[in-house]
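# Coordinates in review
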Amino acid sequence: MDYKVKNIYGAIKNPVAAVRVPGSKSITARALLIAALADGKSTLYGAQFSEDCRVFAEALRSLGINVEQCDDGTVNVYGCGGKIDRREAKIYVGSAGTAARFIPAMLAFSDGEYTFDCSEQMKKRPVGPLIAALEELGASFTFLGEKDSFPFIMRGAKNPADSVTVNIDKSSQYLSGILASAVCAGKPLTVNVVGSHGMDYVNMTIDMMWSFGVNVQAEGCRYTVCGAYQPKRYEIEPDVSAACYFYAANAILGTNIRVGGVMPHTMQGDYKFIELIKNFDGGEVDMSSYSDQVLTLAAIAPYFSRPTRIKGVAHIRGQECDRIAAAVTNLKALGVRAEETQDGLIIYPSLPVGGKIDTFGDHRVAMSFAITGLRCEGVVIQNCEVCAKTFENFFSVLDDVCAALTE
């Protein structure tokens, strides 16, 4: 399905609008995992249940963990106390990167055999560093396609090792998954980290682990985890990654769209984007610690007065699509001068023209370039339904915002 973006630039009558976004996908996934490993019932408030989080919840259910979505929007998770009773299961992770990294990490500590399947998109996203770490713990793998990629059969470790080393150059989720699941070892686990990556999401994981009662000691690149999760009631923040699209719109429209519940003290690293664009008019920026917003910045960069050089994000070539190539391809389709670099891209000031946006099956491509079209006539987002991955009703929310600004 295609979506034609409304060009509202010059038609704004009321610059103030309010919007609500779903709960944080990152926090929801971590809360589901941690609550599943707690000893008893936890209640989650404000959880996101778009496609990725539904896949995550279903994966837990396939392991015998009861995840109950209530009519009032809360989610009850009946935890297993760190002991997975089901010794054999088929698990589908779809295109959900968090489920694909966290669920294998959890099951590496379980003495069972688990068959993982996924979408065609996920088969193209190797997880070699995670596989290597889980093998060091004592897990073993039989690959049903390409080596170090989904799908595969995993046999968990009967007696997991006391320590493990994980490389995070390509994703900090490898570390987050192992840290959050370490309670399943039944003993203190030391996790040694090599490589470099933005650590905001790791810090989020550790904060949430502490909140549920688990002790995480950090000494440089070494983490030691001990203790057990306690069930609790937990409030999930609004998704700052989703909120960023509306703050990006402010930057190019001169509007004052506010997203309910988004606060400066959030533990979500993407808040750095909101701070950046308050006074940004082009220049060089390292986005390694909030790389989910690379597409967002690239989509509004043509409207800045100076060229924008985004660096430090080579790893996003291996996400839902090659996001650097996708950004440059779509900018050029809109008549914008842009070029790839080794670890990012450069966008030059331009006046975008209408054109079709190839989403490459990536939700962030769709949402980002919808913002470009708010100031450019004739931008059409192809296959806009890909937004269901994280923000199912994004385009209807965008329509409501446009109406509030122009009516």
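Now for a description of the structure that goes with this document. (Residues numbered from 1 in each chain as written. Predicted model: local features only at pLDDT ≥ 70, side-chain atom pairs only at ≥ 80, totals over all residues. Heavy atoms only, no water.)

Attention shifts here to the overall build of the chain. Across its full length, the chain carries 13 helices and 21 strands. A compact globule built from 407 residues should have a C-alpha radius of gyration of about 22 Å, and the chain, at 21 Å, falls within 12% of that. Projected onto the principal axes, the alpha-carbon positions of the chain cover approximately 65 × 45 × 40 Å. Across the 407 residues of the chain, 60% fall into the buried class. Long-range contacts, defined as pairs at least 24 residues apart, comprise 71% of the intrachain contacts of the chain with a sequence gap of at least 6. Carbon and sulfur atoms provide 47% of the accessible area of the chain, an area that totals close to 15600 Å². Of the charged side chains in the chain, 39 are positive and 45 negative; the average position of the first set lies 1 Å away from that of the second. (Helix = DSSP H or I, 4+ residues; strand = E, 2+ residues; numbered from the N terminus. Rg over C-alpha atoms; globule rule 2.2 N^0.38 Å. Buried < 20%, exposed > 50% of the residue type's maximum accessible area, 1.4 Å probe, protein only. Contact = heavy atoms within 4.5 Å. Areas by Shrake-Rupley, 256 points an atom, 1.4 Å probe, with all protein chains shown as cover. Lys, Arg positive; Asp, Glu negative; His and termini not counted. Charge placed at Lys NZ, Arg CZ, Asp CG, Glu CD.)

A word on the packing of aromatic side chains. Tallied over the full model, the rule gives 14 aromatic pairs. Between phenylalanine 116 and phenylalanine 150, the aromatic rings sit 6.1 Å apart at their centres with planes inclined by 70 degrees, giving edge-to-face as the arrangement. Taken together, the residues span a long stretch of sequence, with phenylalanine 116 in strand β7 (residues 113-117) and phenylalanine 150 in the loop between β8 (140-143) and β9 (152-155) at a distance of 34 residues. We note that phenylalanine 116, like phenylalanine 150, is buried. (Phe/Tyr/Trp six-rings, centres within 6.5 Å; stacked < 30°, edge-to-face > 60°.)

So, about the packing of helix α6 (residues 173-181) against helix α7 (residues 200-211). Contact geometry for α6 and α7: axes closest at 9 Å, N-to-C directions at 10 degrees. By the angle between their directions, the pair α6 and α7 is classed as roughly parallel. Contacts between α6 and α7 involve Leu175, Ser176, Leu179 and Ala180 on the former and, on the latter, Tyr201, Val202, Thr205, Ile206 and Met209. (Axes fitted to C-alpha atoms, helices over the stretch in contact; angles between N-to-C directions. Parallel < 35°, antiparallel > 145°, perpendicular 65-115°, else oblique.)

Let's shift gears to the pattern of salt bridges. In total, this model carries 21 salt bridges according to the counting rule given. Here aspartate 52 and lysine 389 are joined by a salt bridge, their closest N and O atoms 2.8 Å apart. On the criterion of sequence distance, the pair formed by aspartate 52 in helix α2 (residues 51-61) and lysine 389 in the loop between β21 (379-381) and α13 (394-406) is long-range, its members being 337 residues apart. Taking relative accessible area as the criterion, lysine 389 reaches 4% and is therefore assigned buried. A salt bridge links arginine 323 to aspartate 362, with the shortest nitrogen-to-oxygen separation between them at 2.7 Å. (Salt bridge = Lys/Arg side-chain N within 4 Å of Asp/Glu carboxyl O.)

If you walk across this open sheet you meet the four strands as β6-β7-β9-β8, and the pairing is mixed. Unpaired on one side and paired on the other, β6 (88-92) and β8 mark the two borders of the sheet. Between one strand axis and the next, the sheet turns by 20 degrees as a mean value, whatever way the strands run. Judged from the five bridges that link them, β6 and β7 form a sheet pairing that is parallel. Its bridge partner lying in β7, isoleucine 91 is registered against phenylalanine 116. Docked against the sheet, helix α3 (residues 97-107) engages β6, β7 and β9, running at close to 170 degrees with respect to β7. Seen against the sheet, helix α5 (residues 128-137) touches β8 and β9 and runs at an angle of roughly 140 degrees to β8. (Pairing = 2+ DSSP bridges.)

This part is about unusual backbone geometry. A cis amide bond, omega 0 degrees, links phenylalanine 150 with the succeeding residue proline 151. Its identity as a non-glycine residue notwithstanding, aspartate 148 has a phi of 65 degrees, on the positive side. By the secondary structure assignment, aspartate 148 is in the loop between β8 and β9. Aspartate 148 gets classed as partly exposed once you look at its relative accessible area, which sits at 22%.

Once that is clear, we can look at the sheet that holds strand β3 (residues 41-45). The four strands are arranged β4-β5-β3-β14 in an open sheet whose pairing can be described as mixed. The two strands at the open ends of the sheet, each matched to only one other strand, are β4 (66-69) and β14 (233-235). Adjacent strand axes in the sheet meet at a mean angle of 20 degrees, parallel and antiparallel pairs treated alike. Taken together, the three bridges between β3 and β14 define a ladder with parallel strand orientation. Paired with tyrosine 45 across the two strands is glutamate 235, which belongs to β14.

Turning to α2, its buried residues are Asp52, Cys53, Val55, Phe56, Ala57, Ala59 and Leu60. Against α1 (25-37), β4, β6 and α3 lie the buried residues of α2.

The next thing to look at is the pairing of strand β5 (residues 75-78). Sheet topology places β3 next to β5; four bridges connect them, and they run antiparallel. Within β5, the position partnered with leucine 44 by the bridge is valine 75. The pairing of β4 with β5 spans four bridges and is antiparallel. In the sheet register, valine 67 faces β5, and the bridge partner there is valine 77. The turn joining β4 and β5, which pair antiparallel and follow one another in sequence, is formed by five residues; a positive phi near 90 degrees is taken by glycine 73.

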